[in-house]
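The residues making up each chain are set out below.
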Amino acid sequence: MTCPTLIVHGRSDKTVPPANAEYAHAHISGSELYWMDGSHVAFALEAADTAPAYVVRWLRGSTGAAQPERRVTPRS
């Protein structure tokens, strides 16, 4: 995959283990991993005040995006 990739994952997700997000991040060059602390599989609903705004800013390429709970630096 060669396009910019944002991986958003709930840190407390029990349906899809967080290790899957780490795996995807490790194997997609240039990806960025955004952890939603306290969120499960429905992070967009559980963190409706922060998640959508972060994704929109990321899509627009803004460097002043909302601060995530934990942001893993892009993989090169």
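Draft legend 1. Just the overall build of the protein chain, in detail. Secondary structure summary: the protein chain contains three helices and three strands in total. Listed by position from the N terminus, the elements making up the protein chain come as β-α-β-α-α-β. Every one of the 76 residues in the protein chain was classed for burial, and the buried ones make up 30%. A fraction of 63% describes how many contacts in the protein chain between residues 6 or more apart in sequence connect residues 24 or more apart. For the protein chain, the accessible surface area stands at approximately 4,700 Å², while carbon and sulfur atoms represent 58% of it.

Draft legend 2. Here's a closer look at the pairing of strand β1 (residues 6–10). Extensive coverage of β1 is indicated by the burial of five of its five residues. Taken together, β1, helix α1 (residues 18–27) and strand β2 (residues 32–36) form a β-α-β motif whose crossover is right-handed.

Draft legend 3. Representation of the side chain of histidine 25. Along the chain, the position of histidine 25 falls in helix α1. Residue classification places histidine 25 among the buried residues on the basis of a relative accessible area of 7%. Here the side chain of histidine 25 touches serine 31 through a polar contact of 2.7 Å, side chain to side chain.

Draft legend 4. Quick peek at the confidence of the model for the protein chain. With 74% of its residues at a pLDDT of at least 70, the protein chain reaches an overall mean of 76. The element-level mean pLDDT for the protein chain is lowest in strand β3 (residues 70–72), coming to 50, with α1 highest at 93. In this model residues 62–70 is a low-confidence stretch, pLDDT under 50, and it forms 18 contacts with partners more than four residues away in sequence or in other chains.

Draft legend 5. Molecular detail of the side chain of aspartate 13. Summarising the element assignment, aspartate 13 is placed in the loop between β1 and α1. Buried and without a salt bridge, aspartate 13 has lysine 14 as its closest oppositely charged side chain, separated by 8.1 Å. Within the structure, aspartate 13 has its side chain in polar contact with the backbone nitrogen of threonine 15 (distance 2.7 Å).

The rules behind each value
- The residue count restarts for each chain, going from 1 along the sequence in the order it is written.
- For this predicted model, a pLDDT threshold of at least 70 governs which residues receive local features, and a threshold of 80 or more governs which side-chain atom pairs are given and counted, while totals over whole chains, interfaces and linings are taken from all residues.
- Computation of side-chain values: all heavy atoms of the structure, hydrogens and water removed.
- The helix count covers DSSP runs of H or I at least four residues long, the strand count covers runs of E at least two residues long, and both are numbered beginning at the N terminus.
- Note on exposure labels: buried denotes an accessible area under 20% of the residue type's maximum, exposed denotes more than 50%, and partly exposed covers the range between, all computed with a 1.4 Å probe on protein chains only.
- Throughout, a contact is declared for two residues whenever any of their heavy atoms are within 4.5 Å.
- Values of accessible area rely on a 1.4 Å probe in the Shrake-Rupley scheme; residue burial ignores everything except the protein chains shown.
- Look down the strands so they point away from you; if going from the first strand over the helix to the second traces a clockwise path, that crossover is right-handed.
- Polar contact is defined as a pair of N or O atoms within 3.5 Å, subject to the rule that within protein one atom must be able to donate a hydrogen and the other to accept it, and that residues adjacent in sequence are counted only when both atoms are side-chain atoms.
- Residue-level confidence of the predictor, termed pLDDT, takes values from 0 up to 100.
- The charge count includes Lys and Arg as positive and Asp and Glu as negative, but it does not include His or the ends of the chains.
- Should a side-chain nitrogen of Lys or Arg be within 4 Å of a carboxyl oxygen of Asp or Glu, the pair is scored as a salt bridge.

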